[in-house]
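Listed below, chain by chain, are the residues.
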Amino acid sequence: MAKKKAGKTNAIRLVEQQKISYIEHTYEWSEDHLDAQNVAEKLDETENRIFKTLVAVGNKTGPIVAVIPGNRALDLKKIAKVSGNKKVEMLHLRDLEETTGYIRGGCSPVGMKKLFPTFIDASAKRLDTIIISAGKRGLQMELDPKDLLRVIHGKLEDITTTA
């Protein structure tokens, strides 16, 4: 069995297995500043290119994943409708690692324990690349949103509101 390279996350391994082109971005992080605004500042990027990964729970589907720009907020009614749920609420933070395999501030839509229904905000289609968590704090990956959709079997939908 081949030995895994040290430092590679599940997200990066999966993207590489799919032969998807990406750029790694690293930055200094702190427990007090895990938000997209801080990541944008650290990477000298705009918040609309830094996409955060949120996990919610639908009354019919169970866990669902939302990938949205850092300067927007998840609209629970919109994601409920596109995911086939009547009601959606955010997953409790204490359940995040057990559900996804990732911790707060390092949750990537790529490489979760299971492939959950995943929705990327439609604003991503206007961008050549977006920046998402690469699976651990202080590590992001920049890739074409079309490639991200393919690797996670996601859908582009209008799921946000003004933050």
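Keep in mind the model is a prediction, meaning the values are calculated, not measured.

Here is what the cut-offs are and how they apply
Residues numbered from 1 in each chain as written. Predicted model: local features only at pLDDT ≥ 70, side-chain atom pairs only at ≥ 80, totals over all residues. Heavy atoms only, no water. Pairing = 2+ DSSP bridges. Helix = DSSP H or I, 4+ residues; strand = E, 2+ residues; numbered from the N terminus. Axes fitted to C-alpha atoms, helices over the stretch in contact; angles between N-to-C directions. Contact = heavy atoms within 4.5 Å.

A short note on the sheet that holds strand β5 (residues 88–90)
Working definition: the strands of a sheet are paired by backbone hydrogen bonds and lie parallel or antiparallel to each other. One open sheet holds the 5 strands; their spatial order is β5-β2-β3-β6-β9, and the pairing between them is mixed. Strand pairing shows two members of the sheet lacking a second neighbour, β5 and β9 (155–157), which therefore form its edges. Here the average twist between neighbouring strands, direction ignored, is 35°. As paired strands, strand β2 (residues 51–58) and β5 are joined by 3 bridges and run antiparallel to one another. Residue pairing across strands places alanine 56 opposite methionine 90, the latter belonging to β5. Packing of helix α3 (residues 76–83) onto the sheet brings it into contact with β3 (62–69), β5, β6 (118–121) and β9, and relative to β5 it is tilted by some 125°. Where helix α5 (residues 145–152) meets the sheet, it contacts β6 and β9, and its direction lies at approximately 170° from that of β6.

Let's talk about the sheet that holds strand β1 (residues 23–26)
Strand order in this open sheet of 3 strands is β1-β8-β7, and the pairing throughout is antiparallel. Of all the strands in the sheet, the pair left with one neighbour each is β1 and β7 (130–136). Each neighbouring strand pair of the sheet contributes to a mean axis angle of 35°, computed without reference to strand direction. Judged from the 4 bridges that link them, β1 and strand β8 (residues 139–143) form a sheet pairing that is antiparallel. Residue glutamate 24 lies in a different strand from β8, and its bridge partner there is methionine 141.

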